[in-house]
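Fold and geometry: a report
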Amino acid sequence: MSGVVAVLPLDDRPVTYRQIAELGQLSGATVLLPPRHMLGRRGALGDLPALTEWLDQAAGRSDAVVVSLNQLVHGGYVPSRRTTETMADWLPRLQVLHRLRDTRPDLRVYAHAVLMRTKARNDAGAEPVYWADHGRHFGDLSRELYRAEHGRPDQVADARAAIPAELVTDLVRRRVQLHQLHLHALSMAADGVIDLLAVTPEDTTAESMSTSEREWLQAWIRRYGLAERALCYPGADEVGSVLLGRAVLGIAGRPAPTALVLCAVDGGLDRIAAYEDVPVGQTITAQLKAAGLRRTGSVNSADLVVAVHPPGLPERDWFHPSAGQAAAQDRGAAAQVLADQVAELVGRGHRVVVADVADANGADPALVEALSARLPLDRLAGYAGWNTAGNSIGSALAQGCATILSPDVPGLARRRVLTRRFLDDWAYQTQGRALLRPTATTHPSTLSAEPDATMLAVEALLAERLAELPGLAGACRLRRGSVHLPWGRAFEVDFELDAAEEHDG
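Residues numbered from 1 in each chain as written. Predicted model: local features only at pLDDT ≥ 70, side-chain atom pairs only at ≥ 80, totals over all residues. Heavy atoms only, no water.

1. Describing helix 10 (residues 209-224)
Taking 1.5 Å per residue as the helical rise, helix 10 with its 16 residues ought to reach 22 Å, and the 23 Å between its terminal C-alpha atoms agrees with that figure. The complete set of buried residues in helix 10 reads Met209, Ser210, Thr211, Ser212, Glu213, Arg214, Leu217, Ala219 and Ile221. Those residues of helix 10 that are buried lie in contact with strand 4 (108-115), helix 7 (131-149), helix 9 (165-190), strand 5 (196-201) and strand 6 (230-232). Residue Gly225 follows helix 10 closely and has a positive phi angle near 75 degrees. (Helix = DSSP H or I, 4+ residues; strand = E, 2+ residues; numbered from the N terminus. Expected span 1.5 Å × (residues − 1). Buried < 20%, exposed > 50% of the residue type's maximum accessible area, 1.4 Å probe, protein only. Contact = heavy atoms within 4.5 Å.)

Written out as structure tokens, the structure is:
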């Protein structure tokens, strides 16, 4: 039984929309998504009445629903950061979930919400406009508030003084509104309206307002006794994919699959990745639980092996590169060891996904090179190495869940998913994005335009890198002229992949 899952995604970006559709194909499940125009273009407010109606109707044809509360309540991820609405405005929008529970008690409801990030940069790309002038100051205030709340020496007064008081009040009010949503969602989980809730802090640090809010939510989860129904862990864009994996496994009605976590670096899972606030091992444990996987210590009993390339020391960030970082921060030795282990396990018939969290905002080229030298990449059950550690771990696990459910799915579906991840995470994020920086305005995340010549250069680079990927090069090809920046910024890329025979025809 493959089942039908209705998904109301976080927004319309490739990783939150297209990736979910392709994972559905990989799993063999039927995935229903709202028409893209309902979600709002480039972070604009979604059509809330139309989305609610769509969810109501789609759920009637589904075995499970996966719902972004940011989208359902606020019309998208970016609008949820910018909203000035109060609880009286947004609370009625959750009634659709109550109706679904009343009319379809057998329907599985998986919901997720992203905890507002604490970005310490002067960049208002997806934040309120005052972030352009005070982003760094808000980062300082966030850190000092956390220290004060945890009994450590702080400089809250100085940090507050650097920001106009009305802006501090505005930011706190926005965070309170989202925190109220998270608390109300916990109550819905306690009442059985939501079967599983994931609240995920995004872009944070170990000392921040986001960390305080995570700790508060986890305290309420313990008080409710909701450890099996509510989770709070680092992540954001990948959560819809993870819960889709959870949904299709649940529909299949099979016992919870088991997963072995493999890391070739002693102590590597104890490291805290960039943009996160807990050791990566904790993130993995929570992500496994969200996906509906049980952890095992035996490779022979594992349905899935999760091979983790842990955070490197010192940190490396492909979106904010420092001069000479590639040479100064080589992860080659760890990459070689992990690639050897992956190749051996794949050769013995194990289902292996690779989560590359060595770097932020892009894959480690040393690992891709090492894997490519040892095995055809289409023999992997999944791969991811983009953005934050939570994003990569969840994306890899979602692919693994899909292959567990439908191991005999046509090879093209698996190769298409893998090709997209390698081209996005490795070819674009670590290499192709650098071609766009000369066209950037004040910040590399926002472009003044998409010059045809520049995008053609990016497309040519991606095509060259695809030819270097063993096991994937002959299966898919980039559709000519399809490479573009869906939100008009360098942060994400999109492109079309055709089967090689379709391309040739």
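2. Points about the confidence of the model for the chain
Confidence in the prediction for the chain averages 92 pLDDT; 93% of positions are at 70 or higher. Here residues 439-444 scores under 50 on pLDDT; set against residues more than four positions off or in separate chains, the count is 16 contacts. (pLDDT = per-residue confidence, 0-100.)

3. Here we look at the side chain of Arg433
If you trace the backbone, Arg433 turns up in the loop between helix 17 (411-428) and helix 18 (452-466). Contacts of Arg433, omitting those with residues within four sequence positions, involve Trp318, Phe319, Asn361, Tyr428, Ala490 and Phe491.

4. Quick notes on the pairing of strand 5
Within strand 5, six of the six residues are buried, leaving the element largely enclosed by the surrounding structure. With burial as the criterion, each face of strand 5 is covered, one bearing Leu196, Ala198 and Thr200 and the other bearing Leu197, Val199 and Pro201. Alignment of strand 4 against strand 5, held across six bridges, turns out to be parallel. Each bridged residue has a counterpart across the sheet, and for Leu115 the counterpart in strand 5 is Pro201. For strand 5 and strand 6, the ladder comprises three bridges, and the chain directions are parallel. (Pairing = 2+ DSSP bridges.)

5. Notes on unusual backbone geometry
A cis amide bond, omega -10 degrees, links Leu313 with the succeeding residue Pro314. Position of Pro314 relative to the elements: it lies in the loop between strand 9 (304-309) and helix 13 (325-328). Notably, Asn387 is not glycine yet its phi reads approximately 55 degrees, a positive angle.

6. Some details on the sheet that holds strand 11 (residues 382-384)
Spatially, the five strands line up as an open sheet ordered 8-7-9-10-11, and their pairing is parallel. Of all the strands in the sheet, the pair left with one neighbour each is strand 8 (294-295) and strand 11. Strand contacts of helix 14 (residues 332-347): strand 7 (258-263), strand 9 and strand 10 (352-356), with the helix running at about 170 degrees to strand 9, the strand carrying the most contacts. (Axes fitted to C-alpha atoms, helices over the stretch in contact; angles between N-to-C directions.)

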